[in-house]
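One letter stands for each residue in the lines below.
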Amino acid sequence: MTTSLGVAVIGAGMAGKAHAAAYRAASTVYAPVLPEIRLVAIGDSFEPLGVETAQRFGFERHVVDWRDIAAADDIDVVSVVVANSLHREIVEGLLAAGKHVLCEKPLSDTIADARAMAEAARSAEAQGLVARIGFSYLRSPGIAFMRQLIDDGRLGDLLHFSGRYWTDYGCRPDAPISWRYQGPQGSGALGDIGSHVSYIAEYLCGPAHDVSGGRFHTSIVERPKPLGQVIGHTGGDVSDETSPVTNDDYATFNARFAACVGTIEVSRVAAGHPNGLALEIFGTRGAARWSQTNPAQVEVMLHDEHADVAGYRTIPLGPAHPHYAGGWAMDAPGVGIGQNDLFVHQARAFLEEVAGVPAEASLPRCRSFDDGVHNMEFLAAVADSAAHGGTTVAVR
């Protein structure tokens with residue numbers, strides 16, 4: 001195992017800060033002990049934000065140009081957390097420079113670029129480099145427990161799945177235009193948060209065979225131009241000029257998976273739902289549901305209960321459940337789990353693989369770029385369905 005790993009994060013916005021904080025905490029969770037993690041650089045073209053983020057999370061320096069990170073001898077591991085359209089150039093440049101790369105989802109803004117990135121990742125793997133995509137929810141104890149209930153047969157044969165991800169970051173018409181609101185249909189709410197629900201659905205229900213009933217809607221058709229820098233989902237001062245919103249505020253579709261059928265719905269204009277991911281799966285012997293609103297518990301219903309107490313029971317997550325024991329300084333039931341913790345576990349899983357920790361002694365590995373390409377192909381099938389009036393489209 002290497003003696004130390006130098007880390008950098010490119011992108012200092014909301015998700016970039018989550019990656020920076022995660023690397024800072026990754027060595028404090030689970031076992032075995034990681035090599036020394038050196039927090040080296042934050043890269044962001046907006047210097048005030050980059051400087052503030054580097055200081056806040058204890059990184060040694062800030063750089064404006066990502067190429068300085070690629071060229072740095074003291075950096076081994078890099079997270080890429082910038083606009084989707086920038087992913088390919090940066091990721092390919094980092095891999096060519098010999099860096100291990102963790103890229104945020106979706107992998108890119110076009111499938112052609114994503115496939116090129118996957119090819120670059122396969123070539124880099126032959127040189128001993130690790131390139132992975134961040135599907136952070138795959139290490140959620142609650143979601144993993146739902147999968148365990150399925151694998152153990154306690155839910156019986158699966159019948160159907162319901163998944164929704166309602167958010168409200170775009171519900172105000174005065175929210176400024178940014179790259180998130182510009183792009184083809186399918187690159188809005190579906191590409192942003194639907195990418196999460198789709199890989200979770202396949203994790204629980206098996207590979208998607210086809211989709212149907214695709215429908216998009218743009219609820220707010222234009223937004224004001226910002227007077228300053230737009231960071232993450234934040235607002236800020238805006239001008240009287242507006243730009244058109246070209247992608248989807250809302251999306252819904254049906255899917256046929258290997259194990260069952262399901263419906264998925266996503267929105268970025270669901271007022272009052274800041275982060276409303278909710279999952280429910282039904283089988284012949286029972287059902288289970290989980291939501292990001294109460295992520296430290298899973299509700300389970302089993303048909304073998306007495307009739308007078310039949311119904312959902314609330315299960316507080318604890319050391320008896322997947323990925324919980326050792327995952328926090330306090331890992332007792334009732335302590336609670338948040339989305340920030342999942343970024344820590346994602347960073348930990350990535351660093352374990354880079355450091356050479358065997359898979360059987362590690363958290364579930366981060367997914368490959370090929371998985372990232374598949375995720376985009378899944379969503380592209382939804383866009384194709386919507387473009388053709390909801391017709392059935394096979395998932396590649």
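Small disclaimer: the values here were computed from a predicted structure and weren't measured. (Residues numbered from 1 in each chain as written. Predicted model: local features only at pLDDT ≥ 70, side-chain atom pairs only at ≥ 80, totals over all residues. Heavy atoms only, no water.)

Caption draft 1: Local environment of the overall build of the chain. Across its full length, the chain carries nine helices and 18 strands. On C-alpha atoms alone, the chain measures out to a radius of gyration of 21 Å, which is about the 21 Å that the 2.2 N^0.38 rule sets for 396 residues. Every one of the 396 residues in the chain was classed for burial, and the buried ones make up 54%. Of the contacts made within the chain by residues no fewer than 6 positions apart, 71% connect residues no fewer than 24 positions apart. By element, 51% of the accessible surface of the chain is carried by carbon and sulfur atoms, the whole surface being about 16300 Å². If you average the places of the 30 positive and of the 46 negative side-chain charges in the chain, the two averages end up 2 Å apart. (Helix = DSSP H or I, 4+ residues; strand = E, 2+ residues; numbered from the N terminus. Rg over C-alpha atoms; globule rule 2.2 N^0.38 Å. Buried < 20%, exposed > 50% of the residue type's maximum accessible area, 1.4 Å probe, protein only. Contact = heavy atoms within 4.5 Å. Areas by Shrake-Rupley, 256 points an atom, 1.4 Å probe, with all protein chains shown as cover. Lys, Arg positive; Asp, Glu negative; His and termini not counted. Charge placed at Lys NZ, Arg CZ, Asp CG, Glu CD.)

Caption draft 2: View of the side chain of D248. Note that D248 resides in the loop between β10 (238-244) and β11 (250-257). Only 3.4 Å separates the side chain of D248 from the backbone nitrogen of S187, close enough to count as a polar contact. D248 has contacts with P184, Q185, G186, S187, G188, A189, L190, F216, H217, T218 and R268, leaving out every residue within four places of it along the chain. (Polar contact = N/O pair within 3.5 Å; in protein donor to acceptor, adjacent residues only side chain to side chain.)

Caption draft 3: A look at the state of the cysteines. Taken as a whole and judged by the stated rule, the model has zero disulfides. Not engaged in a disulfide, the cysteine C260 finds its nearest cysteine sulfur in C205; these two sulfurs lie 3.7 Å apart. Lacking any disulfide linkage, C366 is separated from the closest cysteine sulfur, that of C103, by 12 Å. The buried category is assigned to C366, whose relative accessible area is 5%. (Disulfide = S-S within 2.5 Å.)

Caption draft 4: Focus on the sheet that holds strand β4 (residues 77-80). Strand order across the open sheet formed by seven strands is β3-β2-β1-β4-β5-β6-β17, with mixed pairing between neighbours. Of all strands in the sheet, those bounded by a partner on one side alone are β3 (61-63) and β17 (367-368). Pairing geometry for strand β5 (residues 100-104) and strand β6 (residues 131-134), over four bridges, is parallel. Bridge assignment links E104 to a residue of β6, and that residue is G134. Across the sheet, helix α8 (residues 339-355) is in contact with β1 (4-10), β2 (36-43), β4, β5 and β6; its angle to β5 comes to roughly 155 degrees. (Pairing = 2+ DSSP bridges. Axes fitted to C-alpha atoms, helices over the stretch in contact; angles between N-to-C directions.)

Caption draft 5: Layout of the pairing of β5. Of all five residues in β5, five are buried, a share of seventy percent or more. Neither face of β5 is exposed, since H100, L102 and E104 on one face and V101 and C103 on the opposite face are all buried. For β4 and β5, the ladder comprises four bridges, and the chain directions are parallel. In the sheet register, V78 faces β5, and the bridge partner there is V101. The parallel pair β4 and β5, bridged by helix α4 (residues 87-96), forms a crossover whose chirality is right-handed. With helix α5 (residues 111-125) bridging β5 and the parallel β6, this β-α-β connection has right-handed handedness. (Right-handed = clockwise from strand over helix to strand, strands pointing away.)

Caption draft 6: How the structure looks around the sheet that holds strand β7 (residues 158-166). The strand order across the open sheet built from nine strands is β16-β15-β14-β13-β7-β12-β11-β8-β18, with neighbouring strands paired in mixed fashion. On the outer flanks of this sheet lie β16 (313-316) and β18 (393-394), each paired with one strand and no other. In this sheet, β11 lies alongside strand β8 (residues 208-217) in antiparallel orientation, the contact comprising seven bridges. By the bridge assignment, F216 is partnered in β11 with A251. In this fold helix α9 (residues 369-387) packs onto β8, β11 and β18, with an angle of close to 55 degrees to the strand it touches most, β8.

Caption draft 7: Local environment of the environment of N375. Relative to the assigned elements, N375 resides in helix α9. Judged by relative accessible area, which is 2%, N375 ranks as buried. For the pair N375 and V395, spaced 20 residues apart in sequence, the C-alpha to C-alpha distance is 9.7 Å. Beyond its immediate chain neighbours, meaning those up to four positions away, N375 contacts F135, S195, S198 and Y199.

Caption draft 8: Region of the structure containing the nonpolar core. If you look at the biggest cluster of nonpolar residues, it comprises 83 residues, and the most contacted ones within it are L94, L204 and I281. When sequence neighbours within four positions are dropped, the list of residues in contact with I281 reads M146, I150, L155, L158, H160, F161, L204, C205, G286, A287 and A288. Counting residues in hydrophobic clusters, the runner-up holds 33 residues, among them L5, V9, V29 and F59. (Core = buried A, V, L, I, M, F, W, Y, C linked by side-chain atoms within 4.5 Å.)

Caption draft 9: Here's a closer look at α5. If you check α5, its first and last C-alpha atoms are 21 Å apart, about what 15 residues at 1.5 Å a residue would give, namely 21 Å. Within α5, the full set of buried residues consists of D113, A114, M117, A118, A121 and A124. Considered in projection along α5, the buried side chains sweep an arc of 140 degrees and stay on one side of the axis. Where α5 is buried, its residues contact α4, β5, β6 and α9. (Expected span 1.5 Å × (residues − 1). Arc of directions from axis to C-beta.)

Caption draft 10: Region of the structure containing unusual backbone geometry. The step from A31 to P32 runs through a cis peptide bond, and the omega angle for that step is 5 degrees. Mapped onto the elements of the fold, P32 is located in the loop between α1 (14-25) and β2. Although it is not a glycine, Y30 sits at a positive phi angle of roughly 65 degrees. The residue Y30 is located in the loop between α1 and β2 in this model.

Caption draft 11: Seen up close, the pattern of salt bridges. Under the definition given, this model contains 22 salt bridges. A salt bridge links D151 to R147, with the nearest nitrogen and oxygen atoms 3.0 Å apart. Of this pair, D151 and R147 both sit in helix α6 (residues 141-151), four residues apart, which is roughly one turn of that helix. Overall, R147 belongs to the partly exposed group, its relative accessible area being 26%. The closest approach of N and O atoms between D152 and R154, which form a salt bridge, is 3.1 Å. D152 sits in the partly exposed class, given a relative accessible area of 46%. Relative accessible area serves as the criterion here: at 35%, R154 is assigned to the partly exposed category. When salt bridges that share partners are traced, they join D65, R67 and E89 into one network. (Salt bridge = Lys/Arg side-chain N within 4 Å of Asp/Glu carboxyl O.)

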